[in-house]
Amino acid sequence: KRIFDQGRAPIETTLGETKLKTVKGRSCMEKTKIVKTNKVNVTDPATGKTESLEILDVVSNPAKADYNRRGVITKGTIIRTEKGLAKIVSRPGQDGALNAVVEGE
């Protein structure tokens, strides 16, 4: 048995004060995962500008109905920011970054 063969429970990113977790992988690789956060990097495709904004609310999560109720942030989640609605395009439980694109209204 090897340590990289073992499975782990998924990290379910939620709203809150920023908290990160680092896990070890194969060949001394480390992954940073987001456990809680209240900031997101939002890109506006019309202007091409990116800025860090505060997350006001989790609107919907199409991944699971349970995630939708609990406000878990995964790829594809719609969130509310100061610039309006945005869609998460990164994988916060895997990447360690939270990126979003402004939704066209």
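Residues numbered from 1 in each chain as written. Predicted model: local features only at pLDDT ≥ 70, side-chain atom pairs only at ≥ 80, totals over all residues. Heavy atoms only, no water.

Caption draft 1: Molecular detail of the sheet that holds strand E2 (residues 19–24). Here 3 strands make up an open sheet; going across it, the order is E1-E3-E2 and the pairing mixed. The outermost strands of the open sheet, each flanked by one partner alone, are strand E1 (14–15) and E2. (Pairing = 2+ DSSP bridges. Helix = DSSP H or I, 4+ residues; strand = E, 2+ residues; numbered from the N terminus.)

Caption draft 2: Fine view of the sheet that holds strand E9 (residues 99–102). One open sheet holds the 6 strands; their spatial order is E5-E4-E9-E8-E7-E6, and the pairing between them is mixed. A single partner strand is all that each edge strand has here, and the edge strands are strand E5 (49–54) and strand E6 (57–60). In this sheet, neighbouring strand axes are inclined to one another by 40° on average, regardless of whether the strands run parallel or antiparallel. As defined by bridge partners, strand E8 (residues 84–88) adjoins E9 across 3 bridges and the pair is classed as antiparallel. Residue pairing in the sheet places Ala86 in a bridge with Val102 of E9. (Axes fitted to C-alpha atoms, helices over the stretch in contact; angles between N-to-C directions.)

Caption draft 3: Up close: the pattern of salt bridges. Overall, the coordinates contain 5 salt bridges when judged by the stated rule. What you see here is one network of salt bridges that share partners, running through Glu12, Asp66, Arg69 and Arg70. (Salt bridge = Lys/Arg side-chain N within 4 Å of Asp/Glu carboxyl O.)

Caption draft 4: Highlighting the side chain of Thr74. Along the chain, Thr74 turns up in the loop between helix H1 (65–70) and strand E7 (78–81). Side-chain polar atoms of Thr74 contact the side chain of Asn61, separated by 3.2 Å. Setting aside residues no more than four positions away along its own chain, Thr74 makes contact with Asn61, Ala63, Tyr67, Ile88 and Pro92. (Polar contact = N/O pair within 3.5 Å; in protein donor to acceptor, adjacent residues only side chain to side chain. Contact = heavy atoms within 4.5 Å.)

Caption draft 5: Looking closely at the pairing of E2. Both E2 and strand E3 (residues 30–37) contribute to a ladder of 6 bridges, which runs antiparallel. Residue pairing in the sheet places Lys19 in a bridge with Lys36 of E3. What sits between the antiparallel neighbours E2 and E3 is a turn of 5 residues, in which Ser27 has the positive phi angle 55°.

Caption draft 6: Geometry of the nonpolar core. Within the largest apolar cluster, 12 residues are counted, these being Ile34, Val40, Val42, Leu53, Ile55, Val58, Ile73, Ile79, Ala86, Ile88, Leu98 and Ala100. Those elements that provide at least two residues to this core are strand E4 (39–44) and E8. In this structure Ala100 touches Val40, Asn41, Val42, Thr43, Ala86, Lys87, Ile88 and Val89, once residues within four positions along its chain are discounted. (Core = buried A, V, L, I, M, F, W, Y, C linked by side-chain atoms within 4.5 Å. Buried < 20%, exposed > 50% of the residue type's maximum accessible area, 1.4 Å probe, protein only.)

Caption draft 7: Examining the side chain of Asn61 more closely. Mapped onto the secondary structure, Asn61 falls in the loop between E6 and H1. Polar side-chain contacts of Asn61 include one of 2.9 Å to the backbone nitrogen of Ala63. Excluding its chain neighbours within four sequence positions, the residues that come into contact with Asn61 are Tyr67, Asn68, Val72, Ile73, Thr74 and Thr77.

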